[in-house]
Amino acid sequence: MPQIAVVYHSGYGHTQRQAQAVAVGAGAQLIAIDADGNLPEGAWEQLAAADAIVFGSPTYMGGPSWQFKKFADASSKPWFSSAWKDKLFAGFTNSASTMGDKNSTLHYFFTLAMQHGGVWVGTGMMPSNTKSATRDDLNWMGVWGGAAAVSPSDASAAEMFPGDLRFATEFGKRVAQTAERWARR
């Protein structure tokens, strides 16, 4: 069974719920980046041992949180030795607005993964883009680069759309299935 790590920062709890849903689908270990942008004890070793790493952050001002960026900058140590080369990578994000420049955050994650010599896993899911589609449908925003969610600015983490959380879980399953196939290569 491949080892999968979900490393994420959550400012208000929404990204944490999304991370938990991805982890359930992927059978992954959660690694929370704290409010100061630091990882818990042993997290770098967990990332080194992982076959797949899933990045997560809210989208703030058109990109990931500064706490996630601090982690990304600190990942230059494994980058220097190509320690994460050929690992699978994926990502997820959320913001208050429907568009909210989520793709900028996903592209940031993708670029970080490519700098590490990784292989990116997209959603592989068709969008729910019919007239009858609702926010509770899977991939209702039509995102392919990673899982995305909308967290309205006046909604608590407990009020996240069920479809967005199901999307995160299904995305986690996709990462796990891809990691299993990748491990057999």
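Here goes a summary of the coordinates provided. All values derive from a computational prediction rather than experimental measurement.

## Observations regarding the layout of surface pockets
Line of reasoning, step 1. The volume enclosed by the largest pocket comes to roughly 250 Å³.
Line of reasoning, step 2. As for the largest pocket, its lining consists of 16 residues, and the residues nearest its centre are Tyr12, His14, Tyr60, Ala96 and Ser151.
Line of reasoning, step 3. Every element with two or more residues in the lining of the largest pocket is listed here: helix H1 (14-26), strand E3 (52-60) and strand E5 (88-95).
Line of reasoning, step 4. The biggest single contributor to the lining of the largest pocket is E3, with three residues.
Line of reasoning, step 5. Partitioned by chemical class, the residues of the lining of the largest pocket number six nonpolar, 10 polar and no charged.

## Considering the pairing of strand E2 (residues 29-33)
Line of reasoning, step 1. Where strand E1 (residues 4-9) meets E2, five bridges bridge the pair, whose relative direction is parallel. Among the inter-strand pairings, Ala5 is bridged to a residue of E2, identified as Gln29.
Line of reasoning, step 2. As for the winding sense of the linkage, the β-α-β connection from E1 through H1 to E2 is right-handed.

## Description of the pattern of salt bridges
It is possible for side chains of opposite charge to pair when their charged atoms get near one another.
Line of reasoning, step 1. Inspection of every chain in the model, using the stated rule, returns one salt bridge.
Line of reasoning, step 2. The salt bridge involving Lys173 is made with Glu170; its shortest N-O contact spans 3.1 Å. Residue Lys173 and its partner Glu170 are located together in helix H6 (residues 162-183), separated by three residues, close to a single helical turn.

## Examining the side chain of Thr123
Line of reasoning, step 1. Secondary-structure assignment places Thr123 in the loop between strand E6 (119-120) and strand E7 (147-150).
Line of reasoning, step 2. Overall, the relative accessible area of 0% leaves Thr123 in the buried class.
Line of reasoning, step 3. A distance of 3.1 Å separates a polar atom in the side chain of Thr123 from the backbone oxygen of Val143.
Line of reasoning, step 4. Those residues in contact with Thr123 that lie beyond four places of it in its chain are Asn139, Val143, Trp144, Gly146, Ala147, Phe167, Phe171 and Arg174.

## Some remarks on the packing of H1 against H6
Line of reasoning, step 1. Interaxial distance between H1 and H6 falls to 6 Å at its minimum, and their mutual angle equals 40°. Taken together, the axes of H1 and H6 lie oblique to each other. The way H1 lies across H6 gives a crossing that is right-handed. For the pair H1 and H6, the contacting residues are Arg17, Gln18, Ala21, Val22, Val24, Gly25 and Ala26 in the first and Leu165, Ala168, Thr169, Gly172, Lys173 and Ala176 in the second.
Line of reasoning, step 2. For the contact of H1 with H6, a count of residues per class yields seven nonpolar, four polar and two charged.

Procedures and definitions
Each chain carries its own residue numbering, running from 1 in the written order of its sequence. For this predicted model, a pLDDT threshold of at least 70 governs which residues receive local features, and a threshold of 80 or more governs which side-chain atom pairs are given and counted, while totals over whole chains, interfaces and linings are taken from all residues. Values shown for side chains rest on all heavy atoms present in the structure; no hydrogens or waters enter the calculation. As defined here, a cavity is a set of points on a 1 Å grid over the protein atoms alone where a 1.4 Å probe fits but cannot get out. A pocket is an open set with protein on both sides within 12 Å along at least five of seven lines, and residues line them when an atom is within 4 Å of a point. Grid points are joined across faces, edges and corners, and a volume is the space filled by probe spheres set on the points. Secondary structure is summarised from DSSP: a helix means a run of H or I of at least four residues, a strand means a run of E of at least two, and numbering begins at the N terminus for each. Each residue receives one of three labels: charged for Asp, Glu, Lys and Arg, nonpolar for Ala, Val, Leu, Ile, Met, Phe, Trp, Tyr, Cys and Pro, and polar for the others, Gly being one of them. Two strands make a pair as long as DSSP finds a minimum of two bridges between them. A crossover counts as right-handed when, viewed with the strands pointing away from the observer, the path leading from the first strand over the helix to the second turns clockwise. The term salt bridge refers to a pairing of a side-chain nitrogen on Lys or Arg with a carboxyl oxygen on Asp or Glu at a separation within 4 Å. In this scheme, a residue with accessible area under 20% of its type's maximum is buried, one over 50% is exposed, and one in between is partly exposed, where area comes from a 1.4 Å probe on protein chains only. Whenever two N or O atoms come within 3.5 Å, that pair is a polar contact, provided that in protein one can donate a hydrogen and the other can accept it, and provided that, for residues adjacent in sequence, both atoms are side-chain atoms. Here, residues are in contact when the closest pair of their heavy atoms is within 4.5 Å. The axes used here are C-alpha line fits, helices contributing only the stretch in contact, and every angle between their N-to-C directions lies in the interval 0 to 180 degrees. Just so you know how the angles are binned, under 35 degrees is roughly parallel, over 145 roughly antiparallel, 65 to 115 roughly perpendicular, and the rest oblique. With the far helix as reference, a near helix turned anticlockwise by less than a right angle produces a left-handed crossing, and one turned clockwise produces a right-handed crossing.

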